[in-house]
Amino acid sequence: MTDAVLFSRASDEWTTPRNLYDTLDAEFGFTLDAAATPKNTCSRTFLTLAENALLSRWGLVPSHRAGPPVVWLNPPYSKVRLFIQKAQEEAARGCTVVCLVPSRTDTRWFHDYVWDVTTNAPRPHVEVRFLRGRLKFGDGTGSAPFPSVIIVFRPHAGVAA
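Residues numbered from 1 in each chain as written. Predicted model: local features only at pLDDT ≥ 70, side-chain atom pairs only at ≥ 80, totals over all residues. Heavy atoms only, no water.

Right, let's get into helix α2 (residues 18-28). Turning to α2, its buried residues are L20, Y21, L24, D25 and F28. The buried residues of α2 occupy one face: seen down the axis, they fall within an arc of 125 degrees. Facing away from the buried side of α2, by more than 90 degrees, are the exposed residues N19, T23 and A26. Next to the buried residues of α2 lie β3 (70-73), β4 (96-102), β7 (126-130) and β8 (148-153). In the segment just after α2, G29 is the residue with positive phi, at about 70 degrees. (Buried < 20%, exposed > 50% of the residue type's maximum accessible area, 1.4 Å probe, protein only. Helix = DSSP H or I, 4+ residues; strand = E, 2+ residues; numbered from the N terminus. Arc of directions from axis to C-beta. Contact = heavy atoms within 4.5 Å.)

Here's what the structure looks like:
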């Protein structure tokens, strides 16, 4: 994929930088890549958009790893709101969901699911890790035109939609 395609609106796929994935996988032990293609997944177990990752119960997908469900999520960036909402729902069902998304602190989804303006802190069971600099996605030679953030939704008892 060339930089011209990678950084244009023609592409909605931002392939996870392998070193970032490997570092987070060593920390969390991912059991599922929830929004991948066979070409860009980092995991042996993944859901594609064709399999309708937004309708699947992520914690019920059979995995190559034992233990509680721990999901990696680098969603199509045109659908961040839908996937962040889904991540919150799956955390309420017992999954840990680690998301790589653009750092868009001014958006509705950020305030609805990530940041509590009353406490001026992340919502309960949510962790925010701002990344320094800008990532280089996939085989791109230049940095992304936007900053990125890791958002971790921890399992919690709650009512999932």
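Turning next to the nonpolar core. Of all hydrophobic cores here, the largest spans 43 residues; its most connected members are W58, I84, V114, I151 and F153. Every element with two or more residues in this core is listed here: α2, β1 (32-36), β3, α3 (80-92), β4, α4 (108-114), β7 and β8. Beyond its immediate chain neighbours, meaning those up to four positions away, V114 contacts I84, W109, A121, P122, R123, V126, V128, I151 and F153. (Core = buried A, V, L, I, M, F, W, Y, C linked by side-chain atoms within 4.5 Å.)

Let us look at the pairing of β1. In terms of residue burial, β1 counts as a mostly covered element, since 5 of its 5 residues are buried. Here β1 pairs with β3 via 2 bridges, running parallel. Within β3, the position partnered with D33 by the bridge is W72. (Pairing = 2+ DSSP bridges.)

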